[in-house]
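In case you want the letters, here they are:
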Amino acid sequence: MDIPMTYRQVNDRVSSAAPNGLQLLNNGATQYYARYLMQRAISAIKITGRPTGPGWSRTYFDYTLFGRGFGCVIHTDRYGVIFQGGPIYGRDVCYQPTTFMTANPLLPSKSYRIGIDAAMIRLKPDYSGIEDLVTTYAMQLALSYQTWITSTQNSKVSYIMAADNKANKHTFDSMVDKVMSGEVAVAVGAGMLDPKTGQPRWQMYNQDVSKTYIAPDVSEEMRRITERFDRLIGLPHANTDKRERLTTDEVHAEDTQTSALVDLWVETLNECFDECARLFPGLEMHAERRYKEEVDSSDQSL
């Protein structure tokens, strides 16, 4: 039986017995792009009618819904009707959860019956959030970004130097530091020259940087990764890889790919909001796509 462990626990155990491989989850670049992509995903859906005041923080609501995937609307003695994230358990005849429990230290621990005194709000039918989707594309962007940095750094004109002793090595290092810092003229001693030929002891390592400079290609790939993510979450994208002329059917197929997931999320949310209105009269919320692409069916080609 597998022992449930977090990523960091797995990393601690594996790294003690084997060298580290490619680490894409536990680095700042991936976390940066994960936050960036999560905000793009949240912006794809517009929710109206959401109450304001205690218990209805937009930040808490959005990140609980998109991150964890679900939460419940409940009535509390202190705050009234509020939205809260927490564990769910139990099952009915269709294997759907039946009970919600509060997990907030400011609220008394209490169980609520889903559909009776608690209204479930979920983003997707399977009660999951989109952290897996966001992390997948964040890792791709982080790896591409690291490649971009490496390509830019390695595309500089480099030199190889032969040093007889530490003093010569130190002189070489000092000379390179001064050149890289922008000094236009750097003086070196005769010891930096080959005593037989009188030529400098250094030579260029990479004379044609254009063959190793792939940063523009990596930047283009990062744009494509972002476009693929936008297509999944329902954000309009330029689709700059399209052919010169596309038929209307091809445009519709592209539009369907863009709207497939987000339309399901909006439909699921609105079903949950109808349940909220039934259990808590006056709570009228509605979800819709923030950006909806329109295609003119009269055009036969684009």
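For the structure, see preceding data.
The structure presented is a predicted model; accordingly, all values stated were derived computationally and were not measured.

### What about the pattern of salt bridges?
As enumerated under the stated definition, the model contains 10 salt bridges in all. In this structure, the salt-bridge partner of arginine 50 is aspartate 62, at a minimum N-O distance of 3.0 Å. Taken together, the residues span a long stretch of sequence, with arginine 50 in the loop between β1 (45-48) and α3 (58-68) and aspartate 62 in helix α3 at a distance of 12 residues. One exposure class covers both arginine 50 and aspartate 62, and it is buried. On the accessibility criterion, aspartate 62 (7% relative accessible area) is buried.

### Observations concerning the side chain of serine 144
Mapped onto the secondary structure, serine 144 falls in helix α4 (residues 131-154). The class of serine 144 is buried, set by a relative accessible area of 11%. Not counting residues within four places of it along the chain, the set of residues in contact with serine 144 comprises Val218, Glu221, Met222 and Ile225.

### What to know about the sheet that holds strand β6 (residues 111-113)
Pairing is antiparallel across the open sheet formed by 3 strands, whose spatial order is β4-β5-β6. At either margin of the open sheet sits one strand with a lone partner, and together these are β4 (88-89) and β6. Here β4 runs beside strand β5 (residues 99-101); their pairing, made up of 2 bridges, is antiparallel. Pairing of isoleucine 88 across the sheet is with phenylalanine 100, part of β5.

### Some details on unusual backbone geometry
Phi is positive for tyrosine 95, close to 60 degrees, though the residue is something other than glycine. We note that tyrosine 127 has phi near 65 degrees; this positive angle belongs to a residue other than glycine. Position of tyrosine 127 among the secondary structure elements: in the loop between β7 (118-122) and α4. For tyrosine 127, a relative accessible area of 17% corresponds to the buried category.

### As for the nonpolar core
Ile45, Val73, Ile121 and Ile130 are the most contacted members of the largest nonpolar core, which has 44 residues in total. For this core, the secondary structure elements donating two or more residues are α2 (28-43), β1, α3, β7, α4, α6 (215-233) and α7 (248-279). If we ignore the near neighbours within four places in the chain, the residues touching isoleucine 130 are Met38, Ala41, Phe66, Gly67, Leu123, Lys124 and Trp265. With 10 residues, the next largest nonpolar core counts Cys72, Ile82, Phe100 and Met120 among its residues.

### Some words on a negative patch on the surface
Together, Glu267, Glu271, Asp274 and Glu284 make up a region of like negative charge exposed at the surface. Position of glutamate 284 relative to the elements: it lies in the loop between α7 and β10 (286-289). By relative accessible area, which is 54% here, glutamate 284 ends up exposed.

### Some words on the sheet that holds β7
Pairing is antiparallel across the open sheet formed by 3 strands, whose spatial order is β3-β2-β7. The sheet terminates laterally at β3 (80-84) and β7, the two strands that pair on one side only. Neighbour-to-neighbour, the strand axes of this sheet turn through a mean angle of 20 degrees, independent of strand direction. Pairing between strand β2 (residues 70-76) and β3: 5 bridges, direction antiparallel. In the strand pairing of β3, cysteine 72 is matched with glutamine 84. Here α3 sits on the sheet and contacts β2, β3 and β7; the angle it forms with β3, its principal contact strand, is near 40 degrees.

About the thresholds
Residues numbered from 1 in each chain as written. Predicted model: local features only at pLDDT ≥ 70, side-chain atom pairs only at ≥ 80, totals over all residues. Heavy atoms only, no water. Salt bridge = Lys/Arg side-chain N within 4 Å of Asp/Glu carboxyl O. Helix = DSSP H or I, 4+ residues; strand = E, 2+ residues; numbered from the N terminus. Buried < 20%, exposed > 50% of the residue type's maximum accessible area, 1.4 Å probe, protein only. Contact = heavy atoms within 4.5 Å. Pairing = 2+ DSSP bridges. Core = buried A, V, L, I, M, F, W, Y, C linked by side-chain atoms within 4.5 Å. Patch = residues over 30% accessible without salt bridge, like charges linked within 9 Å, V, L, I, M, F, W, Y side chains within 5 Å. Areas by Shrake-Rupley, 256 points an atom, 1.4 Å probe, with all protein chains shown as cover. Lys, Arg positive; Asp, Glu negative; His and termini not counted. Charge placed at Lys NZ, Arg CZ, Asp CG, Glu CD. Axes fitted to C-alpha atoms, helices over the stretch in contact; angles between N-to-C directions.

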